[in-house]
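The primary structure of each chain is shown beneath.
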Amino acid sequence: MYLITGCAGFIGFHMSKLLLKKNHKIVGIDNLNSYYSVNYKKYRISELKKNKNFTFYKFDLSQKKNVEKIFLNYKFTNVIHFAAQPGVIYSYKNPKSYYTNNVIVTDLLVDQIKKNKIKHFIFSSSSSVYGDHKKYPINENFKFRPKNYYARTKITCEKLIKKKLKNTNTSIKIIRPFTVYGPYGRPDMLILKLLSLIERNKTVKIYDFGNQMRDFTYVKDVVNIIYLLSNKIDRNLKILNICASRPIKINDTILLVQNILNKKIKLRYENKRKGEMKITYGSNKELIKYIKFKKFTTIKNGLHETIKWFKKFKNKNLFIKIK
Ligand SMILES: NC(=O)c1ccc[n+]([C@@H]2O[C@H](COP(=O)([O-])OP(=O)(O)OC[C@H]3O[C@@H](n4cnc5c(N)ncnc54)[C@H](O)[C@@H]3O)[C@@H](O)[C@H]2O)c1
């Protein structure tokens, strides 16, 4: 039995879908917070609820009694922890939300993992922990150079997992995904933002003049990899980048989207935003060696799939924040 936290979110939703396809029983938790459209999150949950093996609880994981209760009621073999406050820019506006939803939530969850002797635990950290470096690609041994509070909270989570779960029998994986994109994506991230603004014929703001590079990684690759990891018992804590290792400039990504849509996008170039990384480019050598996953989706194919989904998706108004 799997526990998926943040199952109404982008990656948690895809992870749950994949596990259900593979006939696993899942308990999913999400507080359906309003960082982006609550109705969009509800829509993802309604999709998951079509499968009888999915049980959903709406509650806040920063409340100790909630976390304790769920572990009392179910015997989980695997816990995959996605629930978090993501986003770089928002971390300047609302740092408290990052402390509560990243640090406090992870701390409470880890206590229950220890107490209930959970067999497998996967924690979704982030490539943001690395910040900018002089040498690329970045491997798992590179130093932390966090550029924003979001990244700092993820580092705190990684450290507390290492400390609190030391000398336990839990098989622990800390994953560091790089710029995940795909169908049912996050409306605060570039690709879906781009598509929904184009749809409404609006101008798209491009920061840092589109010169940043991103190691875009297709969501279906990400969850297939996590699935393989969730089946691999390892007594040693394993930290892994999850990335396609094929960075592309934002300007070139926009050109690809324009070509697929056969439409010129209205752009407005702006300066770099505080806290954003110049380049994300990870090494996936360790990951490939560890689970022998090779077939990363190319950005071209991934964008084709995402745009195909977007065109079919009927409730595009859900991408607009509704509180
Ligand atoms: N999307 C990416 O490119 C990316 C890259 C690196 C790391 N990550 C990490 O992967 C994880 C999933 O990211 P995502 O893109 O799916 O984000 P998301 O915002 O779509 O999903 C996170 C979900 O967690 C829920 N949540 C937040 N706080 C909660 C709480 N206190 N109690 C219960 N539920 C809570 C939210 O409502 C949301 O549905 C996050 O930990 C994120 O930091 C994402």
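Before reading on, note that the structure itself is shown above.
What you are looking at is a predicted structure, and each value in this text was computed from that prediction instead of being measured.

### Some words on the overall build of the protein chain
Piece 1. A count of helices and strands for the protein chain gives eleven helices and 13 strands.
Piece 2. Its C-alpha atoms give the protein chain a radius of gyration of 19 Å, near enough to 20 Å, the size a compact globule of 323 residues would have.
Piece 3. Dimensions of the protein chain along its principal axes, counting C-alpha atoms only, are 55 × 45 × 40 Å.
Piece 4. When each of the 323 residues of the protein chain is scored for burial, the buried share is 57%.
Piece 5. Expressed as a percentage of contacts within the protein chain between residues at least 6 apart in sequence, the contacts between residues at least 24 apart total 82%.
Piece 6. When the accessible surface of the protein chain is summed, it comes to about 15,400 Å², and 50% of that surface belongs to carbon and sulfur atoms.

### Quick notes on the pairing of strand 11 (residues 238-242)
Piece 1. The buried fraction of strand 11 is high, at five of five residues.
Piece 2. What you see with strand 11 is no split at all: Lys238, Leu240 and Ile242 on one side and Ile239 and Asn241 on the other are buried throughout.
Piece 3. Bridge count for strand 6 (residues 171-177) against strand 11 is five bridges, and the pairing is parallel. If you follow Arg176 over to strand 11, its bridge partner there is Asn241.

### A look at the sheet that holds strand 4 (residues 78-81)
Piece 1. The seven strands are arranged 3-2-1-4-5-6-11 in an open sheet whose pairing can be described as parallel. Edge positions in the sheet fall to strand 3 (54-58) and strand 11, since each of these pairs with one other strand and no more. Each adjacent strand pair in this sheet contributes to an overall mean axis angle of 15°, direction not counted.
Piece 2. Bridging between strand 5 (residues 120-124) and strand 6 involves five bridges; their strand directions are parallel. Residue Ile122 lies in a different strand from strand 6, and its bridge partner there is Lys173.
Piece 3. The strands that helix 1 (residues 10-21) touches are strand 1 (2-5), strand 2 (26-30), strand 3 and strand 4; relative to strand 1, the one it contacts most, it runs at about 160°.
Piece 4. Across the sheet, helix 6 (residues 149-164) is in contact with strand 5, strand 6 and strand 11; its angle to strand 5 comes to roughly 160°.

### Some remarks on the packing of helix 1 against helix 2 (residues 38-48)
Piece 1. Viewed as axis vectors pointing N to C, helix 1 and helix 2 meet at an angle of 5°, and their least axial separation amounts to 10 Å. The orientation of helix 1 with respect to helix 2, classified from their angle, is roughly parallel. Residues Phe10, Phe13, Ser16, Lys17 and Leu20 of helix 1 form the contact with helix 2, whose participating residues are Arg44, Glu47 and Leu48.
Piece 2. For the contact of helix 1 with helix 2, the per-class residue count stands at four nonpolar, one polar and three charged.

Reading the values: the criteria
Residues numbered from 1 in each chain as written. Predicted model: local features only at pLDDT ≥ 70, side-chain atom pairs only at ≥ 80, totals over all residues. Heavy atoms only, no water. Helix = DSSP H or I, 4+ residues; strand = E, 2+ residues; numbered from the N terminus. Rg over C-alpha atoms; globule rule 2.2 N^0.38 Å. Buried < 20%, exposed > 50% of the residue type's maximum accessible area, 1.4 Å probe, protein only. Contact = heavy atoms within 4.5 Å. Areas by Shrake-Rupley, 256 points an atom, 1.4 Å probe, with all protein chains shown as cover. Pairing = 2+ DSSP bridges. Axes fitted to C-alpha atoms, helices over the stretch in contact; angles between N-to-C directions. Parallel < 35°, antiparallel > 145°, perpendicular 65-115°, else oblique. Nonpolar A, V, L, I, M, F, W, Y, C, P; charged D, E, K, R; others polar.

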